[in-house]
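Working through the structure, step by step
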Amino acid sequence: MIMRISLLLTLLIGLAGTATADYVSGLDPHGDNFLALRSGPGTGYAVLHELGPNTELSVLETSGNWRRVVLNDGKTGWAFAKYIAAGVPPVDPNSEYPIITQIGRTGATLRQVTLRVDTASDSAALGRLRSGGGVIVLGQSGAWLRVLTEAGAVGFIPTGAVAIGVAPIGLQATNISGSGKKSNAAAPASEGWTRYVNPRFGTAINYPSGLFLADPPPANGDGRNFRSVDGRAEFLIYGQYNALDQSLSSLREDDRSSGRYDSVTYEKTGNDWYVLSGYMGDRVYYRRVQLTGGGDTVHVFEITYPPSDKPALDPITTQMSRSFATE
Amino acid sequence: MQDMFAACSLLKALCLMVLFTLPAAANDSTASLDTGELVLIPNADIRLEEEELFISPDEIRVRYVFYNTSSETITTPVAFPLPPVDYSYEANYSADPADAVNFVDFRLWVDGRNTPFQIDARAITRDGRDVTSLLAKYGIPITTFTSDEAGFSGLRNHLETLPRAAMAELRSVGAIHGPDWGEGFYEAWIANVAFYWMQSFPSHTRVVIEHRYRPVPTYTFYGNYDLEAQHLFDEACIDADFEFGARRRMADQPYEMLGATILKYILVTANNWRGSIGRFHLTIDKGSTDAIVSLCRDGIRKTGPTIFEWEGRDFQPNQDLTLLFLAPLPTE
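Here's what I pulled together on the structure shown here. In this text, all values refer to a predicted model and were calculated from it rather than measured experimentally.

On to the pairing of strand 21 (residues 273–280) of chain A. All names here are of chain A. Pairing between strand 20 (residues 263–269) and strand 21: six bridges, direction antiparallel. Within the sheet, the bridge partner assigned to S263 lies in strand 21 and is Y279. Counting the residues between successive antiparallel strands, the hairpin from strand 20 to strand 21 contains three residues. Note: strand 21 against strand 22 (residues 283–292), eight bridges, orientation antiparallel. Bridge pairing in strand 22 places S277 opposite Y286.

It is worth spelling out the pairing of strand 3 (residues 46–55) of chain B at this point. All names here are of chain B. Inspection of the sheet shows strand 3 paired to strand 4 (residues 60–68) by nine bridges, in the antiparallel sense. When the sheet's bridge partners are listed, L48 is paired in strand 4 with F66. If you look at the hairpin formed by strand 3 and strand 4, you'll find four residues sitting between the two strands. With six bridges joining them, strand 3 and strand 16 (residues 277–285) adopt parallel strand pairing. Along strand 16, the bridge assignment pairs L53 with L282.

Where strands meet in a sheet, backbone hydrogen bonds hold them as pairs that are either parallel or antiparallel. Strand order across the open sheet formed by eight strands is 8-7-13-4-3-16-19-18 (chain B), with mixed pairing between neighbours. Single-partner strands in this sheet number two, and they are strand 8 (113–114) and strand 18 (301–302) of chain B.

Proteins that are soluble and globular tend to have nonpolar side chains buried together. Grouped together as the largest cluster of nonpolar side chains are 118 residues, with contacts concentrated most on I136, L138 and I157 of chain A together with A79, W189, L323 and L326 of chain B. It is strand 12 (residues 190–201) of chain B that contributes the most residues to this core, seven residues altogether. Residue contributions to this core reach at least three from each of two domains, namely domain 1 (1–19 + 97–188) and domain 3 (193–326) of chain A. In this view, I136 of chain A contacts T106, V147 and L148 of chain A together with V39, I41, P77 and A79 of chain B; residues no more than four positions away in its chain are not counted. Counting residues in hydrophobic clusters, the runner-up holds twelve residues, among them V24, L37, L57 and A79 of chain A.

To continue, consider unusual backbone geometry. All names here are of chain B. For H204, which is not a glycine, the phi torsion comes out positive at approximately 50 degrees. By the C-beta count within 10 Å, which is 11 here, H204 ends up exposed. Residues other than glycine seldom take positive phi values, yet Q230 does so here, at roughly 55 degrees. Its location among the elements puts Q230 in the loop between helix 6 (224–228) and helix 7 (240–251).

Criteria and cut-off values
- Residues numbered from 1 in each chain as written.
- Chains lettered and ligands numbered in written order.
- Predicted model: local features only at pLDDT ≥ 70, side-chain atom pairs only at ≥ 80, totals over all residues.
- Pairing = 2+ DSSP bridges.
- Helix = DSSP H or I, 4+ residues; strand = E, 2+ residues; numbered from the N terminus.
- Core = buried A, V, L, I, M, F, W, Y, C linked by C-beta atoms within 7 Å.
- Buried ≥ 20, exposed ≤ 12 C-beta atoms within 10 Å, placed from the backbone.
- Domains from an automatic or database assignment.
- Contact = placed C-beta atoms within 7 Å.

Everything listed here is a matter of coordinates, which is why it stays silent on function.
Structure, rendered in structure tokens:
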């Protein structure tokens, strides 16, 4: 349990550090007035896109004065840190466009946070919200969200303290073995990540059980399909005998020529594993394939989600991939 | 323009828009507030077994049947947040309510009993300042929707007779904008209104939640030009039958113009908190046998002179509903 909580904290801290909102700021309006999104951390790398003032993005990684960022449409690249500010861009009071609203969406707090009466950090506190607690967004005000908490309180919290679309911790149903403890909204954060082990092939992975629920098992017991609470993300994990005795490179080439993984933006191969990642249609995918038993058995972890969920799910995918193993 | 006013006087919503809208509207449509489903914090132990959704141009009613699959009572908030009323963008919403806060006349029943709920209503400026209490201090309602012209004039007069310092204060925080002195002001705040309550879901028990409200759709004119331009053809899946019906009705009308109600109901965002719906039943009432309706959903059956129905099992919405109602302009 301690390990689970520490994993959960790692996840939450990781999210807080990498997935909060940032935006392009401080450009010279009399200059070219854009920030170059480059393929690598340096001016020698190719310019992929030109980002205008107030372009929203999220920082994924730091390298010196450079930041690897993801845009809201899922594009990633490197940008010079000086022109990236934390938070959400200021709203232009004279803008003729309506505000983009998160109203009606649900989310989970990324850390302990104070619920406040007003949109100021020195305004009166209504209470303290637990990390991973569920909220419903009722209103929006610049860098603040007006939220209804799982306990029924209403107040303001900073926008960056919430991961929209992420299920709260401690509200998930029965775990996949069918014997897990159920908890309700009042329960403390007791469950963060769960380990799934496929009984037939020993394929195993840790996953955030507050976010993903298992589909019914297939008849052959090869693996499981999991779906996020909001239905947007999906992952599958399974094992199978390497019936055709294929080599690692032959399996990888089969994947690449299958048409399913039509765009590959990341590829890495080890002694007995490979990873493909990119876009399948309008969804992001990450696929890790592992051979064990001298190539007798193939284990697969594959996750897909919409690009808009990258800030929340890229770090989770990394965690899951690291835990992918056989037992 | 004379023609426009002649036609406008026939259609209440558009009439209100022209009379009551100070910022010049750049088009002849009212703005919509697209509403959707009740919102629960995701809880895998609470299943949405059934949903019956009734949509007409004047009323939306929804009946949900929830089931708590766990062995414990779950008490959790349920919310119905309205989209932001953004005066600073377009003020021409067609709403003429009795109550400026509950301006959609939201009502709630739980297990058949009329049930009280809380209302959260905040006025927020575009740069993130909460001006709710400031508006209250000067007797300004959170929305300036009102059911009659007298109420509308009363509000304008009230504001314009406020002390100069009060107007200056409202202006300085960005709650209103307009000239420093003299007639006229524009609301610059954004109204966020939400209805919510704490709901208990007893173990292994069904709970029926029903609510109803008046939608705030877009009202506009629809004529031959719109058909030629294929206006809303994609959004509402207009087919040849609908087009034929529209042309036939237009031929009988002054200016060959019909009144259009464009009503959008958001189904997809709710995937955020719920899985698939065990049984989803959609009923559409076009309101009058003179009206026609089009939307993107195959397999809809006509079950009454003005009624259409559709039902799905284990339904996971993958698109929102956009309904286009066309009807002759009222001839009162």
